[in-house]
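Summary of the model geometry
Here's the letter readout for the chains.
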Amino acid sequence: MSRESGLSVTVLTTAEQIALSSGGGMWTTKAVGPVPSLLLVDGPNGLRVSTSETDVLGGPTRPATCFPPAVGLAQTWDTDLVGRVGRALGREARVAGVDVLLGPGVNIKRDPRAGRNFEYYSEDPLLTGMLGAAYVGGVQSQGVGCALKHFAAYNAEHDRMRQSSEVDPRTLHEIYLRAFERIVRAAHPWLVMCSYNRLNGTPVAQHHGLLTEVLRDQWGFDGVVVSDWGAVTDRIASLEAGLDLAMPGSGGAADARVSTAVREGRLAPAVVARAAGRVAELAGKAKAAGARGDYDEVVDYDDHHRLAREVAGRGIVLLRNEGDLLPLPGHRPIAVIGQLAVRPRFQGGGSSHVNPTRVDLPLDELCRLTRADVAYSPGYALDGGGDTRTLRAEAAGQAARSDTAVVFLGLGVEHEAEGGDRGDLDLPIDQIELLRAVSAAQPRTVVVLMHGGLARLAPVVACAPAVLDAALTGQAAGGAVADVLLGRVNPSGRLTETVPARLSDVPAFLNFPGSDQTVLYGERHYVGYRWYDARDLSVTFPFGHGLSYTTFDYSDLVLTAATDGITVSVTVTNTGARAGREVLQVYAGPLVSRVDRAPHELGAFACVDLDVGESRRVETRVDRADLAYWDVRVDRWVVESGDYEVAVGASSRDLRLAGRVMVEGDSVTTVLTSESTLAEALAHPTAGPVVRRLVEQVFGGHGADGSGMGVDLMKYIASIPIGRLASASGDDARDGGLRARILAAIGADGAPK
């Protein structure tokens, strides 16, 4: 029964219920009885409403605002701003008659070579989850559903429809499911989209553990599980696993196979009714939202373009600014170099590609906003044509005649798009050679980067004293870049990925993209900055890095532990000469842990706008849940007792203040068996004291600490399983032997008698 529409699938025949669980066309569900059809369209950074029912990729689509893709949007670190983008997208969708927007993509950026990284937010699950929840909340506030994707462990394009992601349980929960969990619990997306890949050998579309046990039973998801387009190969197995809607439509062939399975008793009718009921409820919810009439009937595309420009400006990261070269003075000659200045790369390729309502060009906007003379040289040809040497020489000459050179560098869509991964992290060699020539002719050289995935920036840093990372900035790219270059906007973007010094430093270097239909997640939970910080590796730019045209000071850190987490309070002061925004970052971790953990993890963040000389007390909180690790012994989240270090600063490696606070942890009781080690028995909260007394009794003649044996007794025997303890007391078969006495003491259920 649909809670909002009152639609009941009980009035439908089994054949009609089966029909509801598969698409009616490429982008629509079927209208069956009282259940209306739904329109689902690609996103996530703009509507991709096809004007052709058969379109998959590359076909005509209606114009829509192209907001910054996730790679640029995330660099704002601003949940309020992301929510505003979500509301704008929801408004455009509702006016276009769209019921479901296929996004956001919240897969973790496991490796910078992944071809679809431009569609995802970060290498960190907390940042990803917070931003993703804000996006979903914004879109769905307009009566349009989100399909959270791609669930789960989908982190490469290589062999994406067959490859098995081999991930251990702790890594899976701590890194690859954690953002999904946060968004499901906090924002309640209407749909979750399952991914193409297999997980530990099982196709995700048939993975009962993921789609039902984790998603529904553990997290409480009550919406529709939809497949990625073409992900379902066995409708019967998928329905049993918990998948409700297979997309796109199959012309009825798959429905017929399901009908046969029901008729032959191989599929329970209740399974079909369950999926149909969820789809009917979704349809009722969407149509009820559209019928309420409390949403705008028109879209102010000019206003949305202004929002796109604001967001893009906030997401631009000032990576380097030696000698305060930026902002540009605005009255001295500028050489603008690089074809990306007139053909900007502002979005990714594939299913997220948007037909923008307009596109601002960086060169045009710089000319419009500055009083300075602006001269342009292409420097290189994006299509590979032209005389490279001539273009380079002309650009260097123009740079020498100007006061400052602004060089646009980046990756073309041919380097990164859905369906393929990258082989390296390098910028095109002709662009690097251009930069070397220009910087040799003009020391005052600024680089503007446009790219969806990470690039190796060591060659850029070696040449340019000032570097702006624009990532992908959407259709307002030109205006946003000009705003930051000229100081109309003080940059406050922060990196959401670590920029490595070299490709071989990347955590998954030896395990990406996989082979023989398998990829091993061998780096485990050490993804991104967790890896680099644990190994103390040098990086070009750390996670969270970003400079400003002003400076900020941190003081008076106060930490307060409570049952729901750690409250962090600190004073931030603008000590520079310009108003600006600081992104305060909080990192936390236990000083001692029973398991291997990263030195620290992002626990909270906050944006604060400050005028010149202004101070403000900023309070945020590290939630208790974000201090936990996944304990494989009990298959749940566990917070450890002990002292935690909490640090605040401007990046994972620019931590200004730190303090320690005691946290009361969770009680964990494990079941002891003959395969449990003596150390585990001693650590058991109830059996431990009993076992310790037995050990002391048996080894009393040698000294309870083993000193009489010349060893640390506990270290000597701690790792031995109880059932394999040698006859340390002389003859273990004899009554009173240590092994028999311990096994008798703990009992069959692992509890002390």
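Higher on the page you've got the structure.
Quick look at the structure, then. (Residues numbered from 1 in each chain as written. Predicted model: local features only at pLDDT ≥ 70, side-chain atom pairs only at ≥ 80, totals over all residues. Heavy atoms only, no water.)

**What to know about the nonpolar core**
Core analysis: the largest hydrophobic core is formed by 77 residues, its most contacted members being Y135, F151 and L602. Counting residues per element, this core draws most heavily on helix 4 (residues 125-140), at 8 residues. Sequence-distant contacts of F151, that is, excluding residues within four places in its chain, are made with L177, F180, V192, M193, C194, S195, V204, L210, L211, L215 and W219. Core analysis: the second largest hydrophobic core is formed by 56 residues, L326, L328, A399 and A466 among them. (Core = buried A, V, L, I, M, F, W, Y, C linked by side-chain atoms within 4.5 Å. Buried < 20%, exposed > 50% of the residue type's maximum accessible area, 1.4 Å probe, protein only. Helix = DSSP H or I, 4+ residues; strand = E, 2+ residues; numbered from the N terminus. Contact = heavy atoms within 4.5 Å.)

**Some words on the pairing of strand 25 (residues 642-651)**
With 8 of 10 residues buried, strand 25 lies mostly within the body of the structure. Note that strand 20 (residues 580-590) and strand 25 share 6 bridges and pair antiparallel. Bridging from a neighbouring strand, Q585 pairs with G649 of strand 25. Pairing analysis gives 9 bridges linking strand 25 to strand 26 (residues 654-663), with the strands arranged antiparallel. If you follow G642 over to strand 26, its bridge partner there is V663. Taken together, strand 25 and the strand that follows it, strand 26, pair antiparallel across an intervening segment of 2 residues. (Pairing = 2+ DSSP bridges.)

**A closer look at empty space enclosed by the protein**
For the structure on display, the rule yields 8 cavities of 30 Å³ or more. Size it by volume and the largest cavity reaches roughly 100 Å³. P44, N45, P69, A70 and Y135 are the residues nearest the centre of the largest cavity, which is lined by 15 residues in total. Put simply, the parts of the chain that give the lining of the largest cavity at least two residues each are helix 2 (70-74) and helix 3 (79-95). Broken down by class, the residue content of the lining of the largest cavity amounts to 12 nonpolar, 2 polar and 1 charged. For the second largest cavity, the calculated volume is near 80 Å³. If you go around the second largest cavity, you meet 13 residues; those closest to its centre are K109, P112, E123, T498 and Y532. By residue class, the composition of the lining of the second largest cavity is 6 nonpolar, 2 polar and 5 charged. (1 Å grid on protein atoms, 1.4 Å probe; cavity = no way out; pocket = protein on both sides within 12 Å on 5 of 7 lines; lining within 4 Å. Points joined across faces, edges and corners; volume = space filled by probe spheres on them. Nonpolar A, V, L, I, M, F, W, Y, C, P; charged D, E, K, R; others polar.)

**Describing the sheet that holds strand 13 (residues 445-450)**
The 6 strands lie next to each other as 9-14-13-12-10-11, forming an open sheet whose pairing is mixed. The open sheet has two free edges, formed respectively by strand 9 (317-321) and strand 11 (374-377), since each of these has just one partner strand. Between one strand and the next, the sheet's axes are offset by a mean angle of 20 degrees, whatever the strand orientation. One ladder, built from 4 bridges, connects strand 9 with strand 14 (residues 466-469); its direction is antiparallel. From the neighbouring strand, V317 faces strand 14, where its bridge partner is D469. Across the sheet, helix 16 (residues 477-485) lies against strand 12 (404-410), strand 13 and strand 14, angled at about 150 degrees from strand 13, the strand it touches most. (Axes fitted to C-alpha atoms, helices over the stretch in contact; angles between N-to-C directions.)

**Observations concerning the sheet that holds strand 1 (residues 40-42)**
Hydrogen bonding along the main chain pairs the strands of a sheet, whether they run parallel or antiparallel. Here we have 5 strands laid out as an open sheet, ordered 1-2-3-5-8, and parallel in their pairing. Each of the sheet's edge strands pairs with one partner strand only, and the pair in question is strand 1 and strand 8 (224-227). Taken over all neighbouring pairs, the strand axes of this sheet differ in orientation by 30 degrees on average, direction set aside. Bridge count between strand 3 (residues 145-151) and strand 5 (residues 191-194): 3 bridges; the pairing is parallel. Across the sheet, L148 pairs through a bridge with V192, a residue of strand 5. Here helix 6 (residues 178-187) sits on the sheet in contact with strand 3 and strand 5, set at roughly 160 degrees to strand 3.

**A short note on the pattern of salt bridges**
Applying the stated criterion across every chain yields a total of 47 salt bridges. For the salt bridge of E640 with R597, the shortest nitrogen-to-oxygen distance reads 3.1 Å. In this pair, E640 is assigned in the loop between strand 24 (636-638) and strand 25 and R597 in the loop between strand 20 and strand 21 (601-610), connecting sequence segments 43 residues apart. Across this residue pair, the class does not change: E640 and R597 are buried. What emerges from the salt-bridge pattern is a single network uniting R116, E119, K149, E157, R160 and E418. (Salt bridge = Lys/Arg side-chain N within 4 Å of Asp/Glu carboxyl O.)

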